[in-house]
Amino acid sequence: MSAAGCARPWPSVLARHPTRRPAEGEPVTDQQALHLHGSRYIGVRSRFYDDVVRDALRGGVRQIVLLAAGLDTRAFRLDWPADVTLYEVDQPQMIDFKEDVLRGEQAQPGCRRIAVGTDLREDWPAALTTAGFTRSVPAAWVAEGLLAYLPADAEERLLRQIHQLSAPGSRIALDRIAQVNRLTSDAAPLDQLSSRHIHPIVGGCYGDPRWSRCALLGRRR
Ligand SMILES: C[S@@+](CC[C@H](N)C(=O)[O-])C[C@H]1O[C@@H](n2cnc3c(N)ncnc32)[C@H](O)[C@@H]1O
């Protein structure tokens, strides 16, 4: 998506993003090193979740819910069967920003895309069902890069809510940072660097003890 076609000015930090991989041995600034590190990680993660979504489609699932979709562009870049509805759930400010950018680009999704602005710590199931989500139909839930930003009680509530909304045949994919507390001390240099340029990547995560997600999701409703 080009910065030029966008209705809003891009934050200067985005304008300084590297747009290509540096050659072997080419010097990079601290900030570029941070973005390059992030792009490697996010690249692998995006591909993993692309495969999760494609698997769900192959399995006949036709409701996809991207929880904390952020600037996810799967609606625009994957090949979709005609009858899929994709829900993108995120905080209202994020949804407003994204819709503004997409309008500026006149971007057309390849599926029925519904953006739902709500807070995942609150009554988001009501917002999702009001937007058209059907409980009686299997869904694929994608929680990519989300759980570290929720405190443990909100995460547990979210997983229980997903369970209640999931018809048989539904599936979920999520990721977690195994030990945020350990990361917080080991990752001090990364946090200092990211704080200078964006926000504290690690310090912005919750490290409180968690339930086993598998145990929680494996239980009957
Ligand atoms: C690291 S981004 C991940 C975005 C996207 N899933 C991806 O992988 O590119 C985290 C997202 O979580 C969203 N988020 C964090 N807390 C949230 C909350 N309480 N309710 C809804 N969204 C939330 C943020 O707005 C942001 O878009």
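We now turn to the structure provided with this report. Counting restarts for each chain, with residues numbered from 1 along the sequence as it is written. Totals for whole chains, interfaces and linings use every residue, but because this is a predicted model, local features are given only for residues with pLDDT of at least 70 and side-chain atom pairs only at 80 or more, for both listing and counting. With hydrogens and water stripped out, all remaining heavy atoms of the structure feed into the side-chain values.

### Remarks on the overall build of the protein
So, step 1. Here a helix means four or more residues in a row that DSSP labels H or I, a strand means two or more in a row labelled E, and each is numbered from the N terminus. Looking only at helices and strands, the protein has nine helices and five strands in total.
So, step 2. When the helices and strands of the protein are listed from N to C terminus, the series reads α-α-β-α-β-α-β-α-β-α-β-α-α-α.
So, step 3. The rule is simple: take the accessible area with a 1.4 Å probe, protein chains only, and divide by the maximum for that residue type; under 20% is buried, over 50% is exposed, in between is partly exposed. In the protein, which comprises 221 residues, the share counted as buried stands at 38%.
So, step 4. Whether two residues are in contact is decided by their heavy atoms, any of which lying within 4.5 Å being enough. Put simply, of all contacts in the protein between residues at least 6 apart along the chain, 70% involve residues at least 24 apart.
So, step 5. As presented, the protein carries roughly 12600 Å² of accessible surface, and 53% of it is formed by carbon and sulfur atoms. To be clear on the numbers: accessible area is Shrake-Rupley with a 1.4 Å probe, and residue cover counts the displayed protein chains and nothing else.

### A few points about the sheet that holds strand β2 (residues 85–90)
So, step 1. If you trace the five strands from one edge of the open sheet to the other, you get β3-β2-β1-β4-β5, paired in parallel fashion. The open sheet has two free edges, formed respectively by β3 (112–117) and β5 (171–174), since each of these has just one partner strand. If you compare each strand with its neighbour and ignore which way they point, the axes differ by 15° on average.
So, step 2. Lines are fitted to the C-alpha atoms to define the axes, a helix being fitted only along its stretch in contact, and any angle between axes, read from their N-to-C directions, falls within 0 to 180 degrees. On top of the sheet, helix α4 (residues 92–105) reaches β2 and β3; it is set at about 140° to β3, its chief contact.
So, step 3. Along the sheet face, helix α6 (residues 152–165) touches β1 (63–67), β4 (139–143) and β5 and points at about 155° away from the line of β5. What makes two strands pair is DSSP finding at least two bridges between them.

### Here we look at the pattern of salt bridges
So, step 1. Salt-bridge detection follows one rule: a side-chain nitrogen of Lys or Arg within 4 Å of a carboxyl oxygen of Asp or Glu. Under the criterion given, the structure shown has 15 salt bridges.
So, step 2. Note that Arg-45 and Glu-144 form a salt bridge whose closest N and O atoms lie 3.5 Å from each other. Separated by 99 residues along the polypeptide, Arg-45 in helix α2 (residues 30–58) and Glu-144 in the loop between β4 and α6 bring together distant segments of the chain.
So, step 3. Arg-45 gets classed as buried once you look at its relative accessible area, which sits at 19%.
So, step 4. Between Asp-51 and Arg-47 there is a salt bridge, and its shortest N-O distance comes to 3.1 Å. Of this pair, Asp-51 and Arg-47 are both found in helix α2, four residues apart, which corresponds to roughly one turn of the helix.
So, step 5. For Asp-51, a relative accessible area of 30% translates into the label partly exposed.
So, step 6. Ionic contacts of the salt-bridge type, sharing partners, join the residues Arg-45, Asp-50, Asp-72, Arg-74, Arg-77 and Glu-144 into one network.

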